[in-house]
Amino acid sequence: MDPSVAALALAVMLVGMIGVVVPVLPGLLLVWGAAVGSTLLAGTDAAGWAVAGVLSVLFAVGTAATVWLPARHGRRGGVPMRSLVSAAVGAVVGFFVVPIVGFLLGAAVGLLVAERDRLGDWQPAWRSLAGVARAYGIGVIVELVVGIVMIAVWAIAAVLR
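First, a word on scope: everything that follows refers to the structure included in this document. (Residues numbered from 1 in each chain as written. Predicted model: local features only at pLDDT ≥ 70, side-chain atom pairs only at ≥ 80, totals over all residues. Heavy atoms only, no water.)

### Some remarks on the packing of aromatic side chains
Logical step 1: Under the criterion given, the structure shown has two aromatic pairs.
Logical step 2: An angle of 90° between the planes, with centres 5.1 Å apart, marks the rings of F95 and F96 as edge-to-face.
Logical step 3: On the basis of relative accessibility, which here comes to 34%, the residue F95 falls in the partly exposed class.
Logical step 4: Residue F96 is classed as exposed on the basis of its relative accessible area of 66%. (Phe/Tyr/Trp six-rings, centres within 6.5 Å; stacked < 30°, edge-to-face > 60°. Buried < 20%, exposed > 50% of the residue type's maximum accessible area, 1.4 Å probe, protein only.)

### Points about the environment of F103
Logical step 1: Relative to the assigned elements, F103 resides in helix α5 (residues 102-119).
Logical step 2: With 12 residues separating them along the chain, F103 and A91 place their C-alpha atoms 4.4 Å apart.
Logical step 3: Residues within four places of F103 in sequence aside, it is in contact with P23, A91, G94, F95 and Y136. (Helix = DSSP H or I, 4+ residues; strand = E, 2+ residues; numbered from the N terminus. Contact = heavy atoms within 4.5 Å.)

### Considering the pattern of salt bridges
Logical step 1: In the structure shown here, the tally under the stated rule is one salt bridge.
Logical step 2: For R118, the salt bridge is made with E115, and the minimal N-O distance between the two is 2.8 Å. Placement of the pair is R118 and E115 together in helix α5, with a separation of three residues, close to one helical turn.
Logical step 3: Among the residues examined, R118 registers a relative accessible area of 33% and is labelled partly exposed. (Salt bridge = Lys/Arg side-chain N within 4 Å of Asp/Glu carboxyl O.)

Put into structure tokens, the structure is as follows:
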């Protein structure tokens, strides 16, 4: 792999790792795009496609963790799909309205308001929010670990090819 391509790809991947924690950037998507793009740019042989496949599976697992874990935990805690959809809508609105923290803030407000409306009291609504937020935090940790593994797979492939 050309050193300038590798350096640029690594820089984009590191920015992506920041985006995993601070949801202002599509973090894992940046890591995946830079890793797969630079790998296939180095060669579209069987090894390049195999590495791209492994990276794509890791990307799917990491992305699913931050979506599936909060939804699963919320559903187990009695949070209906309507409230989770309100959280998703709030996240999208918050992303565009409040810079940097709007995604998380919007999701929290969307879930909290929907649960307050459903349950009729703020205290159980806060408990619902706390459970889903904990599960989201675990999902972010999983996504971070997956991102590190993706960078390691890319680095090993870059050195071996």
